[in-house]
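Examination of the molecular architecture
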Amino acid sequence: MELTTILFYLFAIVTISAAAVMVFSKNIVHSAFALMFTLIGVAALYVLLYADFIAATQLLVYVGGILILILFGVMLTTQGRTFSFKTSTVNLTPASILSVAAALLLIYAFVQTDWKITDSGVRDETVHELGMMLMGEYVLPFIAVGVLLLIAIIGAILMSTRLSANNDGEV
Amino acid sequence: MVEIDWYLALSAILFTIGIVGVLIRRNAIVVFMCVELMLNAVNLSLISFSAYHGDVSGQILVLFSLSVAAAEAVIGLAIIIAIFRNNLSVDIMKVNLLRW
């Protein structure tokens, strides 16, 4: 067996088991840390698929950004006089039947389809090519994404700042 | 290289684990994490198609999908915190203000 094959199986097992821990763990903080292992596993799989820049971005944006935001959300919502949950899961049986059926259908469709593969052999780093494409062919979506992120920041500030009646409209 | 079917099957399994989480969990933050997991699964399939076709355009698509995921995370957590202020709980079964 080749080294890449062994690495693929290793990271696939890490990713899937961490995802399962994330879904079924009772403790939210455990879920968040399991999500971290899933995201790192997916980043490693990106490296195996020759996407070095996307792997680095995945680590920076997901593990460094979104996961920290989620941990802040966990900490902000589990303090003080909170109502505890009676049960942490609902609809377990119908949901698992439905999703196992969905998984089987998806995997069947993926395996049965005859994918056209063009193997271009040894590949170079993708950063240069990605930069050229972002600044050339895809410059309009690039700008649109920038505007979207700005709007998201403004929206988040508006929504998470307390707008109550007793401070006279001051935010 | 491993065959592309394996990557796609892994992506399908991750996506379905995300679906299970969205369907069974009651905590809004865990539901949110499962949505992130599903986004990651789709990105993985896009990257594997891109690698097996020798075409970098798929990675551009994943880059945009990442930025949209970041925006979605920010807005989603702001909404969850706003709900928490009103309900003192992030239980999605208790968010029934608009329920008929």
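Please read these numbers as outputs of a predicted model, since none were measured by experiment. (Residues numbered from 1 in each chain as written. Chains lettered and ligands numbered in written order. Predicted model: local features only at pLDDT ≥ 70, side-chain atom pairs only at ≥ 80, totals over all residues. Heavy atoms only, no water.)

Looking at the overall build of chain B
Selection rule: Each helix is a run of DSSP H or I of at least 4 residues and each strand a run of E of at least 2, with the numbering of both proceeding from the N terminus. A radius of gyration in this sense is built from C-alpha atoms; the matching globule rule multiplies 2.2 Å by the number of residues raised to 0.38. Partly exposed describes any residue whose relative accessible area lies between the buried limit of under 20% and the exposed limit of over 50%, with all areas from a 1.4 Å probe on protein chains only and scaled to the type maximum. By definition, residues are in contact when any of their heavy atoms lie within 4.5 Å. Values of accessible area rely on a 1.4 Å probe in the Shrake-Rupley scheme; residue burial ignores everything except the protein chains shown. In this tally, Asp and Glu contribute negative charge and Lys and Arg positive charge; neither His nor the terminal groups of the chain are included. Lysine's charge is taken at NZ, arginine's at CZ, aspartate's at CG and glutamate's at CD.
Helix and strand counts for chain B stand at three helices and zero strands. N-terminal to C-terminal, the α/β element order of chain B is α-α-α. For a compact globule of 100 residues, the expected C-alpha radius of gyration is about 13 Å, and chain B comes in at 17 Å, more than 25% above that figure. Along the first, second and third principal axes, the C-alpha set of chain B runs to 50 × 25 × 20 Å. Within chain B, buried positions represent 62% of all 100 residues. Long-range pairs, those at least 24 residues apart, make up 60% of the contacts in chain B with a sequence separation of at least 6. Carbon and sulfur atoms provide 70% of the accessible area of chain B, an area that totals close to 3800 Å². Of the side-chain charges in chain B, 5 are positive and 6 negative, and the distance between the mean point of each set is 26 Å.

Some remarks on the domain arrangement of chain A
Selection criterion: Segmentation into domains, and thus their bounds, comes from an automatic or database assignment.
In terms of domain boundaries, chain A breaks down into domain 1 (1-78) and domain 2 (125-164). One C-alpha centre belongs to domain 1 of chain A, the other to domain 2 of chain A, and the line joining them spans 23 Å.

Quick word on helix α6 (residues 139-160) of chain A
Selection rule: Expected helix span is computed as 1.5 Å times (number of residues minus one). By definition, the arc is the one covered by directions from the helix axis to the C-beta atoms.
In a regular helix each residue adds 1.5 Å, so 22 residues correspond to 32 Å; α6 of chain A covers 32 Å between its end C-alpha atoms and thus fits that length. Within α6 of chain A, burial applies to V145, A152, G155 and A156 of chain A. For α6 of chain A, the angular spread of the buried residues around the axis is 100 degrees, confining them to a single face. Pointing more than 90 degrees away from the buried face of α6 of chain A are the exposed residues L140, L150, I151, I157 and L158 of chain A. In the core, the buried residues of α6 of chain A are packed alongside α3 (57-87) of chain B.

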